[in-house]
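Observations on the three-dimensional arrangement
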Amino acid sequence: MTSRIALVTAEQARAEDEDLLPLVEALAPLVEQVDTPNWDDTSIEWSEFDLVVLRSTWDYVERHLEFLSWIDSVTKVSRLVNPAPVVRWNTDKRYFRDLAAAGINVVESAFAATPQEWAAYALPTDRQFVVKPTVSAGSRDTQRFRPSDVVAARAHGDALVARGRPIMVQPYQEAVDHEGETALFYFAGVFSHSINKGPLLRLDEGPTRALFSPETITPNTPTQEQIELGYSVISALNAVPALGGVRHPLTYARVDVLTDNGGEQALLELELTEPSLFFGAAPGAADRFAAVLAAEVQRYS
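Described in the following lines is the structure provided in the data block.

Rules behind the numbers
- Residues numbered from 1 in each chain as written.
- Predicted model: local features only at pLDDT ≥ 70, side-chain atom pairs only at ≥ 80, totals over all residues.
- Heavy atoms only, no water.
- Helix = DSSP H or I, 4+ residues; strand = E, 2+ residues; numbered from the N terminus.
- Buried < 20%, exposed > 50% of the residue type's maximum accessible area, 1.4 Å probe, protein only.
- Core = buried A, V, L, I, M, F, W, Y, C linked by side-chain atoms within 4.5 Å.
- Contact = heavy atoms within 4.5 Å.

1. Digging into unusual backbone geometry
Looking along the chain, the bond that leaves Val81 and enters Asn82 is cis, with omega of -10 degrees. Mapped onto the fold, Asn82 is located in the loop between strand E4 (80–81) and helix H3 (84–90). Cis geometry is found at the peptide bond from His248 to Pro249, where omega equals 0 degrees. Residue Ala188 is not a glycine yet carries a positive backbone phi of 55 degrees. Among the structural elements, Ala188 can be located in the loop between strand E9 (181–187) and strand E10 (190–197). For Ala188, a relative accessible area of 32% translates into the label partly exposed. Not every positive phi belongs to a glycine, and Phe278 is a case in point at roughly 50 degrees. Along the polypeptide, Phe278 turns up in the loop between strand E13 (265–271) and helix H9 (285–300).

Have a look at this one:
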């Protein structure tokens, strides 16, 4: 039987996805055919694939409902990785509430879904803070403010909620400026590699409208505390009501952590949908992920 995998991207993202070609090359000896279609290409017959793997569908942010509808349609005819309930839950950062309820130390977050909720929210007056949409990728429409920037912060939030985009406010975590963030990668629940990402948000810079903000990436070795937090986040997914019935461990997960303002390791973001995997910073990582995907095909063929 022919095994065929789709590594799904988007036209805007194709040239920017540095993981795509290494993964195609790593999969080549393991499966019969690897395609790299755009998620919104209406000519694609998704039923022809044994596995449909979300890789760089980074333009879904302002087409969220359309993207979720596509996810559901693919699920009816093929096997989606990660599964639709995971995508639906993970593409809106209000998932932080579920992880906090499961005991994970997450970066403090407040949410506003309507102009009324946003107008009633009292912005921080004693520390820098970040305002961003709950549906976002690559730091798009994310901005850092001083307490004195209340007018600009209000205007940024106003513009987002006016377009029907719920927002979140987080205290800026000051250690990022000298430590950066750590991203931990897991394939089939097993730790693969880690990178450090330099600070992205600078004061007095407007939010990026590009597909994603430029990043400074270096390989790194995570601390034991970071590794333990990463595994705790992976385990906590079993307790999330929205993910009931989803098989664990998930095929892939990226756990972004940092030192919070209290000096503890905290979850900044959990990426289960379309994370960059930074194969170039970790020799062998593409092969490890390819082996997991090939095993996934074999399991259900």
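2. Some points on the nonpolar core
If you look at the biggest cluster of nonpolar residues, it comprises 50 residues, and the most contacted ones within it are Ile5, Trp70 and Leu293. Counting residues per element, the ones that place at least two in this core are strand E1 (4–8), helix H1 (20–27), strand E3 (51–54), helix H2 (64–75), E4, H3, E9 and H9. With 8 residues, the top contributor of residues to this core is H9. With near-sequence residues (within four places) excluded, Trp70 lies in contact with Val8, Trp39, Trp46 and Leu54. Tyr95, Val130, Met168 and Ile234 belong to the second-largest nonpolar core, a separate cluster that totals 33 residues.

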